[in-house]
Amino acid sequence: MLFQAGLHFSLPVSTDPLQEYKDTLFLTQVMQAQCVKAQTEFYRRSRSEIIEGRGHTMGALYWQLNDIWQGPSWSSIEYGGKWKMLHYFAQDFFAPVLLVGCEDEEEFHIYAVSDLQSNLSATLQVSVYQWSRMEAASTLLSPVEVRSASSLLVFKRPVQDMLGKGNCTRKSCFFTFALEAGREQHGPTNYHFLSSFKDAEGLEKPKLSATVEQQGETYVIILQTSAITPFVWLDAGDIPGRFEANGFHMLNKSRAVKFYPWRPSSREELARSLQVTSLTSLT
């Protein structure tokens, strides 16, 4: 597990053994979520094609969903019902409409995967970001037709051409892509990272803070950051419930995330219990 994580991330090193243990646990959750995401997206984008005898796969079943006792496992839901990072990722990589990015011989490809029963006319937005800036270095817009019940290649561009538009290298930049139709986004924003995170150039240690607001029986976490922040993780401690999103990347200075408690709570209790971690906060 640590060998796999070490291929892409800098392993935690701390003078505090407990903190190093917590950071290592966090990193293994990131690694698991990324691995299952990559595998499932490959199967979903292969739905409508066969390459070298492989393809016509519509999805995946991953092991395992939940735990029947407490302990370290491959589950995406803990014994007590709390969602791990993988389960939050599954909301996106199993979305009815999904964009999947990949590379083939120095070309960047985007597939539009749809489980819908009708076609969708949309605009594909592809952006190049530098790790050191919260504004996109360049953005491409392209009209696309997302076919129902299929996976279709909708974008193809040489990687170096895209990097040149943002004055980038593989280590200093990454891609984001999303679909919009009728002024609404369809499916999640997806990402394509061009190097391992441990090799990323320009990734800063941000000032990341959170405040809690109450809206009836729901709570809203207002996050503020000073720089691009990958893998933001929210933990409500002993308060059972789930967040509407988690393990996400912050490309904007602020983001609001709802929390749905499974028992009566209060803004003060959640504010005391809430812990916010990110990849850049590891020691």
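Residues numbered from 1 in each chain as written. Predicted model: local features only at pLDDT ≥ 70, side-chain atom pairs only at ≥ 80, totals over all residues. Heavy atoms only, no water.

1. Thoughts on unusual backbone geometry
Inference 1: Of the consecutive residues Trp63 and Gln64, the connecting peptide bond is found in the cis state with omega at 10°.
Inference 2: Examined against the element boundaries, Gln64 turns out to sit in the loop between β2 (54-55) and α3 (85-93).
Inference 3: Not every positive phi belongs to a glycine, and Glu52 is a case in point at roughly 55°.
Inference 4: With respect to the element layout, Glu52 can be found in the loop between β1 (50-51) and β2.
Inference 5: Phi is positive for Phe231, which is not a glycine, with a value near 55°.
Inference 6: The topology assignment puts Phe231 in strand β13 (residues 229-235).
Inference 7: On the basis of relative accessible area, Phe231 is assigned to the buried category, the value being 0%. (Helix = DSSP H or I, 4+ residues; strand = E, 2+ residues; numbered from the N terminus. Buried < 20%, exposed > 50% of the residue type's maximum accessible area, 1.4 Å probe, protein only.)

2. What to know about the state of the cysteines
Inference 1: The final tally for this structure, using the stated rule, is one disulfide.
Inference 2: Bridging Cys168 to Cys173, the disulfide has an S-S length of 1.9 Å. Residues Cys168 and Cys173 are joined by a disulfide whose S-S torsion is about -70°; by sign, that bridge is left-handed.
Inference 3: We note that Cys35 lacks a disulfide partner, and the nearest cysteine sulfur, in Cys102, lies 17 Å from it.
Inference 4: Take Cys102: its relative accessible area is 12%, and that puts it in the buried class. (Disulfide = S-S within 2.5 Å.)

3. Topic: empty space enclosed by the protein
Gaps between atoms show up when a probe of the same size as a water molecule is rolled over them.
Inference 1: This model, assessed by the stated rule, comprises one cavity of 30 Å³ or more.
Inference 2: In this structure, the largest cavity occupies an estimated 70 Å³ of space.
Inference 3: Every residue lining the largest cavity is counted, 13 residues in all, and those nearest its centre are Lys82, Tyr88, Ala236, Gly241 and Phe243. (1 Å grid on protein atoms, 1.4 Å probe; cavity = no way out; pocket = protein on both sides within 12 Å on 5 of 7 lines; lining within 4 Å. Points joined across faces, edges and corners; volume = space filled by probe spheres on them.)

4. Observations concerning the packing of aromatic side chains
Inference 1: Scanning all chains against the criterion turns up 18 aromatic pairs.
Inference 2: Summarising the aromatic geometry, the rings of Phe42 and Tyr43 are spaced 5.8 Å apart at their centres and angled 55° between planes, so their arrangement reads as tilted.
Inference 3: With a relative accessible area of 26%, Tyr43 lands in the partly exposed category.
Inference 4: Ring centres of Phe174 and Phe193 lie 5.8 Å apart, and the angle between their planes is 45°; this geometry places the pair in the tilted category. Highlighted residues: Phe174 in strand β8 (residues 173-181) and Phe193 in strand β10 (residues 190-193), separated in sequence by 19 residues.
Inference 5: A cation over a ring is seen here: Arg255 above Phe248, with NZ or CZ 4.1 Å from the ring centre. (Phe/Tyr/Trp six-rings, centres within 6.5 Å; stacked < 30°, edge-to-face > 60°. Lys NZ or Arg CZ within 6 Å of the ring centre and 35° of its normal.)

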